[in-house]
Amino acid sequence: MRLLLMGPPGAGKGTQAVDLATSIGGAHISTGDMFRENLANETDLGKLAKQYMDAGQYVPDEVTNGMVRNRLAEPDAAAFVLDGYPRTADQVVELDDILASLGAKLDGVISLVVEDREELVQRMIKRAETSGRADDTEEVIRHRQDVYDAETAALVPLYRDHGILHEVDGIGTIDEVAARIAAVVDSLRG
Ligand code: AMP
């Protein structure tokens, strides 16, 4: 199964994506994790991404798209949960193209819904105490919410139009939200 897990920063997407990938037996493909790995290894890609990430901006599409194209061509990516990609309308088009070139398509898009912006910001400020992430300052956290609203929120209606969107209430414990996601996955399995 090929799934995309979406949601605003702080919605708990990363945690759920890891568990979901395990439960479908697929790869967890997080562009944020891939950038952080490059950053830790001080690769050219990491150095380039760092300036955008630290500011809470999106890394340019051509860089991100190339990285995802390579990753999805790897043998373990026959089934996957995409986490944090696509994030722009151009990336949606690119993803369709990458998958078409592999003879594949998305089976479903699960969108975690948390309407309360302040709830998200407070969750992230709490997470920042232990995350060690340079982009987890309150100012950058708030900016990342703005960037999500400006660039990524529009992907929700777009995937609704494609007929593959499944919205899940993102308020609750990790287990409660995971159970809602599992119900969607069951419905996709038919
Ligand atoms: P995340 O861990 O998903 O919150 O991503 C952390 C940072 O990595 C983001 O704030 C962006 O700077 C960068 N990033 C991750 N995914 C993408 C993407 N699909 N497009 C552009 N930038 C991204």
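Predicted, not measured: the structure shown is a model, and the values here were computed from it.

K.L.:
Talk me through the overall build of the chain; I want residue IDs and the actual numbers.
P.N.:
The helix and strand tally for the chain stands at nine helices and five strands. In sequence order, the secondary structure elements of the chain are arranged as β-α-β-α-α-α-β-α-β-α-α-α-β-α. What you see for the chain is a C-alpha radius of gyration of 16 Å, in line with the 16 Å of a compact globule of 190 residues. Dimensions of the chain, computed from C-alpha atoms along their principal axes, come out at roughly 45 × 35 × 30 Å. Across the 190 residues in the chain, those meeting the buried criterion constitute 43%. Of the contacts made within the chain by residues no fewer than 6 positions apart, 71% connect residues no fewer than 24 positions apart. For the chain, the computed accessible surface area is about 9400 Å², with 50% contributed by carbon and sulfur atoms. Considering the chain, the positive charge centre built from 19 side chains and the negative charge centre built from 34 side chains are found 2 Å apart.

K.L.:
Let's hear about the packing of helix H4 (residues 61-72) against helix H5 (residues 89-101): which residues, and what values?
P.N.:
For the pair H4 and H5, interaxial distance at closest approach is 10 Å and the crossing angle is 25°. Judged on the interaxial angle alone, H5 and H4 are roughly parallel. Crossing geometry of H4 relative to H5 is assigned as right-handed. Residue-level contacts link Asp-61, Thr-64, Asn-65, Val-68, Arg-69 and Leu-72 of H4 to Asp-90, Gln-91, Glu-94, Leu-95, Asp-97, Ile-98, Leu-99 and Ser-101 of H5. Residue composition of the contact of H4 with H5, by class: five nonpolar, four polar and five charged.

K.L.:
Describe the nonpolar core, and please don't skip the residues or the numbers.
P.N.:
The biggest cluster of nonpolar side chains holds 30 residues, and the ones touching the most others in it are Leu-72, Leu-106 and Tyr-159. Of all elements in the fold, only strand E1 (2-6), strand E2 (27-30), helix H2 (31-40), helix H3 (44-55), H4, strand E3 (80-83), H5 and helix H8 (155-161) reach the threshold of two or more residues within this core. Non-local contacts of Leu-72, meaning those with residues more than four positions away in its chain, are made with Ile-29, Ala-77, Phe-80, Leu-95, Ile-98, Leu-99 and Leu-102. If you look at the next biggest cluster of nonpolar residues, it comprises 17 residues, including Leu-5, Ala-17, Leu-20 and Leu-112.

K.L.:
Report on the UniProt feature "binding site: AMP" (unreviewed entry) in the chain, specifying residues and quantitative values.
P.N.:
The sites that carry the UniProt feature "binding site: AMP" (unreviewed entry) are, in the present numbering, Thr-31, Arg-36, Gln-57, Tyr-58, Val-59, Gly-84, Tyr-85, Pro-86, Arg-87, Gln-91, Arg-133 and Arg-144. In summary, the annotated positions, distributed over 114 residues, remain apart in three dimensions as well, the widest C-alpha pair reaching 24.6 Å. Among the structural elements, Thr-31 can be located in helix H2. Setting aside residues no more than four positions away along its own chain, Thr-31 makes contact with Thr-64, Met-67, Val-68, Asp-83, Gly-84, Tyr-85 and Arg-87. Position of Gln-91 relative to the elements: it lies in helix H5. In this structure Gln-91 touches Asp-61, Thr-64, Asn-65, Tyr-85 and Pro-86, once residues within four positions along its chain are discounted. A distance of 2.7 Å separates a polar side-chain atom of Gln-91 from the backbone nitrogen of Arg-87.

K.L.:
I'd like to hear about the UniProt feature "binding site: ATP" (unreviewed entry) in the chain, residue by residue, with values.
P.N.:
Residues annotated in UniProt with the feature "binding site: ATP" (unreviewed entry) correspond here to Gly-10, Ala-11, Gly-12, Lys-13, Gly-14, Thr-15, Arg-127 and Gly-172. Residue position: Lys-13 is located in helix H1 (residues 13-24). In this view, Lys-13 contacts Leu-5, Met-6, Gly-7, Asp-83, Gly-84 and Leu-112; residues no more than four positions away in its chain are not counted. Structurally, the position occupied by Gly-172 is in the loop between strand E5 (165-169) and helix H9 (174-189). A residue is classified by how much of its surface remains accessible, and Gly-172, at 39% relative accessible area, is partly exposed.

Cut-offs applied
Residues numbered from 1 in each chain as written. Predicted model: local features only at pLDDT ≥ 70, side-chain atom pairs only at ≥ 80, totals over all residues. Heavy atoms only, no water. Helix = DSSP H or I, 4+ residues; strand = E, 2+ residues; numbered from the N terminus. Rg over C-alpha atoms; globule rule 2.2 N^0.38 Å. Buried < 20%, exposed > 50% of the residue type's maximum accessible area, 1.4 Å probe, protein only. Contact = heavy atoms within 4.5 Å. Areas by Shrake-Rupley, 256 points an atom, 1.4 Å probe, with all protein chains shown as cover. Lys, Arg positive; Asp, Glu negative; His and termini not counted. Charge placed at Lys NZ, Arg CZ, Asp CG, Glu CD. Axes fitted to C-alpha atoms, helices over the stretch in contact; angles between N-to-C directions. Parallel < 35°, antiparallel > 145°, perpendicular 65-115°, else oblique. Left-handed = near helix turned anticlockwise from the far one by under 90°. Nonpolar A, V, L, I, M, F, W, Y, C, P; charged D, E, K, R; others polar. Core = buried A, V, L, I, M, F, W, Y, C linked by side-chain atoms within 4.5 Å. UniProt positions renumbered as here; feature names shortened; annotations may be inferred. Polar contact = N/O pair within 3.5 Å; in protein donor to acceptor, adjacent residues only side chain to side chain.

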